[in-house]
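Observations on the model geometry
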Amino acid sequence: IKKSSLKLGKRFIVSRLDATDLSQFADNSVDKIVTDPPWGLYSTNVDIKNLYIDFLGEFNRILRSNGVAVILTGNGELFENCLDREPEFKLQSKYNILVSGKKATIYKLVKS
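As for the environment of Gly76
Along the polypeptide, Gly76 turns up in helix α3 (residues 76–83). Spatially, the C-alpha atoms of Gly76 and Trp39 are 9.1 Å apart, while their sequence positions differ by 37 residues.

This is the structure in structure tokens:
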């Protein structure tokens, strides 16, 4: 994270955060978000559905109009169901890929 921050400069914030609580960011203050949340494919204590719902709500709050969120997930069907709860997001593109031999999807969302 530190190396990426130094390389990208002051216009970028590279950090590890709790995506369900982005209170350090003001409403409508972020242009782009790129994230790789837990996939929910393995035994975990995280309720993936609630995680998706909560972080999409926070992304909606902090992204500016026409802001972009890029999300990598291994649980595309569940993610798309949760995405329906945030009508401000439009799915601009979706790429099915493999990550370490596991099916995954990259979503590019744009906030209206």
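Quick word on the confidence of the model for the protein chain
Here the protein chain averages 89 in pLDDT, and 87% of its residues register 70 or above. Taken element by element, the predicted model of the protein chain shows its lowest mean pLDDT in helix α1 (residues 2–8) (67) and its highest in strand β2 (residues 63–73) (97).

Let's talk about the pairing of strand β4 (residues 102–111)
Bridge count for β2 against β4 is 6 bridges, and the pairing is antiparallel. For Leu72, the partnering residue across the bridge sits in β4 and is Ile106. Judged from the 10 bridges that link them, strand β3 (residues 89–99) and β4 form a sheet pairing that is antiparallel. By the bridge assignment, Val99 is partnered in β4 with Lys102. From the end of β3 to the start of β4, which pair antiparallel, there are 2 residues, and Ser100 there has a positive phi angle of about 50°.

As for the nonpolar core
Counting 22 residues, the largest nonpolar core has Phe55, Leu56, Phe59, Ile71, Phe79 and Leu109 as its most contacted members. Broken down by secondary-structure element, the contributors of at least two residues to this core are β1 (30–35), α2 (48–62), β2, α3 and β4. Of the residues forming this core, the biggest block, 8 residues, is contributed by α2. Residue contacts for Ile71: discarding those within four places in its chain leaves Thr35, Pro37, Phe55, Leu56, Phe59, Phe79, Thr105, Ile106, Tyr107 and Leu109.

What to know about the environment of Leu22
Residue position: Leu22 is located in the loop between α1 and β1. A residue is classified by how much of its surface remains accessible, and Leu22, at 5% relative accessible area, is buried. Spatially, the C-alpha atom of Leu22 lies 8.3 Å from that of Phe59, the residues being 37 residues apart in sequence. Here Leu22 is in contact with Leu17, Glu58, Phe59, Arg61 and Ile62, once residues within four sequence places are set aside.

The rules behind each value
Residues numbered from 1 in each chain as written. Predicted model: local features only at pLDDT ≥ 70, side-chain atom pairs only at ≥ 80, totals over all residues. Heavy atoms only, no water. Helix = DSSP H or I, 4+ residues; strand = E, 2+ residues; numbered from the N terminus. pLDDT = per-residue confidence, 0-100. Pairing = 2+ DSSP bridges. Core = buried A, V, L, I, M, F, W, Y, C linked by side-chain atoms within 4.5 Å. Buried < 20%, exposed > 50% of the residue type's maximum accessible area, 1.4 Å probe, protein only. Contact = heavy atoms within 4.5 Å.

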